[in-house]
Amino acid sequence: MSPKRVVLRFMAETADKPIIYQLIRNYDLVVNILKAHINPHKEGMMVLEIQGEPEQYARGLEYLRSLGVTIQPLSQDVHRNETICSHCGACISVCPSGALYLERPDMTVNFDEDKCVVCLMCVRACPYKAMEVRF
Amino acid sequence: MAVEKSLAEINARIKSGKVVVLTAEEVIPLVREKGVRQAAAEVDVVTTGTFGTMCSSGAYFNFGHTKPRMKMSKVWLNNVQAYAGLAAVDAFLGATEVPDNDPLNSIHPGEFRYGGGHVIHDLVARKPVSLRAIAYGTDCYPRREINTVITIDDLNQAVLFNPRNAYQNYNVAVNLSDRTIYTYMGVLKPHMGNANYSTSGQLSPLLKDPYFRTIGIGTRIFLGGGTGYVVWQGTQHCPGLTPLPEGGQLVSGGTLAVIGDLKQMRPEWLVGVSFLGYGASLTVGLGIPIPILNEEIMYWASRSDEEIYAPVVDYGLDYPAGNPQPLGYVTYAQLKSGTINLQGREVPTAPLSSYPRARQIAAILKDWIRAGGFLLSEPVALLPSINEVTPLKSLQEKEA
Ligand code: SF4
Ligand code: SF4
């Protein structure tokens, strides 16, 4: 199964449970946390990339639903946080579409959202975590 | 007549508002136009800058005594352990330390989302940071545990102390193996799919004073957005100047140990970073003013990207094995153009240290000096120069 991206939303009671650990251990899924946020009321949002056997994947999601987690498939875009970006250039070589590129001779890093194919390579590779997933 | 200036004369010009300061970028066209001698006569100070990840960085703290007293033997800041084998409430936090429960590379490549560098950034950003400490308890220090929250302003001392910063020059990393690798030089695609480099070239501090004629112990510098000082040669300091087979020369190997009051630094110039598959670290903004005392110093301070070379090293096999035999040498001008030619192939390049931020640091330092608030300091002692250090040894394994 190719990796699937889903958005989880959960309530305070679930925020304390090791749900990711369970997904990995009990359903043998490869889970990548692309984004996680827990607000002061302990309500959480998490974006996961999940890979594994389709049956296990379905059972894993069933398990999450049994805990009251709502699950949505991801429709997303990638956004650059301009205050965080240091224009280092570490994302240039991983970006397959040329959406991230160097402006010469200034050597500033530009981001052309229209060219972005939302592969999320930069989200993982940016040392400053300036590339964010948005919905 | 040869140009000779003293630091005292330059400082007098700073105080009287007459000082002429150019950044290491700005001085290049001036020297091309007017020649080294004329430029050395006209310019008093050249400012440099770099904004790159520097793993050998850290900070030490004095938390203040607890009631009852406690000799902290293990300390964690935001769950990241700091070394507490010092006096009761002192600890040193290293930039690359990660939380005890970090998954590391168990799912490769690990993300290393938070570490010592991030804690330093959060402190400088004046965010609250959790402090946990445990102790075994003594008659004079009975307390055994504390869990509290601190901010940098609560601390008696918070000092950035980096044993090795501002590496003079650095490898250009490529990967000759057949799989993608995740390194401190970024993501490297197989079969030389890309080449990453990591200095600011013509703006980089130690490339502009390769003989360490002006930079020494006590040199006042821009560090993390505040003022800092050079305290010693950095670890692995071994400056060299090697003629290259195809012309040009390689300047490399110099490093600095630097120190400064963390409380006056700025979060935008000390940033925690996460290198996929490698670890957490700290990006440090650092800039050094070079007093133009004579023509020789001006000659070096005005070398451009076209004349500064870096070695290309394979991080797929050679580097991890400990055989960093360069595959070749390229100039920073070639690196910045976007492609280099290696073994007959065009390889796309990308930087890892921010050139725009380096330029900004050199400009800020220039403004500080011109405003009269930043005087240049005479080194108390100079650092070992080219050929004055015995070559670095590697660790020999022996029977215990
Ligand atoms: S890697 Fe991150 S910080 Fe660096 S240029 Fe790209 S988006 Fe900006
Ligand atoms: S998500 Fe992919 S395509 Fe879009 S900017 Fe990042 S690396 Fe480039």
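Worth saying up front: this structure is predicted, and the values here are computed from it rather than measured.

**Digging into the pattern of salt bridges**
Side-chain pairs of opposite charge can arise whenever the charged atoms involved come near each other.
Residues and elements named next belong to chain B.
Item 1. Counting across every chain of the model gives 18 salt bridges over all chains.
Item 2. With a shortest N-O distance of 3.3 Å, Glu295 and Arg37 are connected by a salt bridge. With Glu295 in helix H4 (residues 295-301) and Arg37 in helix H2 (residues 27-42), this residue pair connects regions lying 258 residues apart in the sequence.
Item 3. You can call Arg37 partly exposed: its relative accessible area is 45%.

**Things to note about the sheet that holds strand S4 (residues 70-73) of chain A**
Residues and elements named next belong to chain A.
Item 1. One open sheet holds the four strands; their spatial order is S2-S3-S1-S4, and the pairing between them is antiparallel. Each of the sheet's edge strands pairs with one partner strand only, and the pair in question is strand S2 (30-38) and S4. For this sheet, the mean angle separating the axes of adjacent strands, direction not counted, is 25 degrees.
Item 2. Taken together, the four bridges between strand S1 (residues 4-10) and S4 define a ladder with antiparallel strand orientation.

**Regarding the site of ligand 1**
Item 1. Cys85, Ser86, His87, Cys88, Gly89, Ala90, Cys91, Val109, Cys126, Pro127, Tyr128 and Met131 of chain A make up every residue found near ligand 1.
Item 2. Its residues assigned to classes, the shell around ligand 1 comprises nine nonpolar, three polar and no charged.

**Section: the site of ligand 2**
Item 1. The environment of ligand 2 is made up of 14 residues, and the closest members are Cys95, Cys116, Cys119, Leu120 and Cys122 of chain A.
Item 2. Looking at the shell around ligand 2 residue by residue, the class counts come to 13 nonpolar, one polar and no charged.

**Regarding the domain arrangement of chain B**
All names here are of chain B.
Item 1. Annotation of chain B at the domain level lists domain 1 (7-54 + 162-375) and domain 2 (65-160).
Item 2. Counting residues at the interface gives 25 residues for domain 1 and 26 residues for domain 2.
Item 3. Looking at the side of domain 1 facing domain 2, the largest losses of area belong to Leu262, Lys263 and Ala280, adding up to 32% of the total buried there.
Item 4. On the surface where domain 1 and domain 2 come into contact, there are zero salt bridges.
Item 5. Along the contact surface separating domain 1 from domain 2 lie eleven residue pairs in polar contact (both at pLDDT 80 or more).

The rules behind each value
- Residues numbered from 1 in each chain as written.
- Chains lettered and ligands numbered in written order.
- Predicted model: local features only at pLDDT ≥ 70, side-chain atom pairs only at ≥ 80, totals over all residues.
- Heavy atoms only, no water.
- Salt bridge = Lys/Arg side-chain N within 4 Å of Asp/Glu carboxyl O.
- Helix = DSSP H or I, 4+ residues; strand = E, 2+ residues; numbered from the N terminus.
- Buried < 20%, exposed > 50% of the residue type's maximum accessible area, 1.4 Å probe, protein only.
- Pairing = 2+ DSSP bridges.
- Axes fitted to C-alpha atoms, helices over the stretch in contact; angles between N-to-C directions.
- Near = heavy atom within 4 Å.
- Nonpolar A, V, L, I, M, F, W, Y, C, P; charged D, E, K, R; others polar.
- Domains from an automatic or database assignment.
- Contact = heavy atoms within 4.5 Å.
- Buried area = accessible area lost by both parts, 1.4 Å probe.
- Polar contact = N/O pair within 3.5 Å; in protein donor to acceptor, adjacent residues only side chain to side chain.

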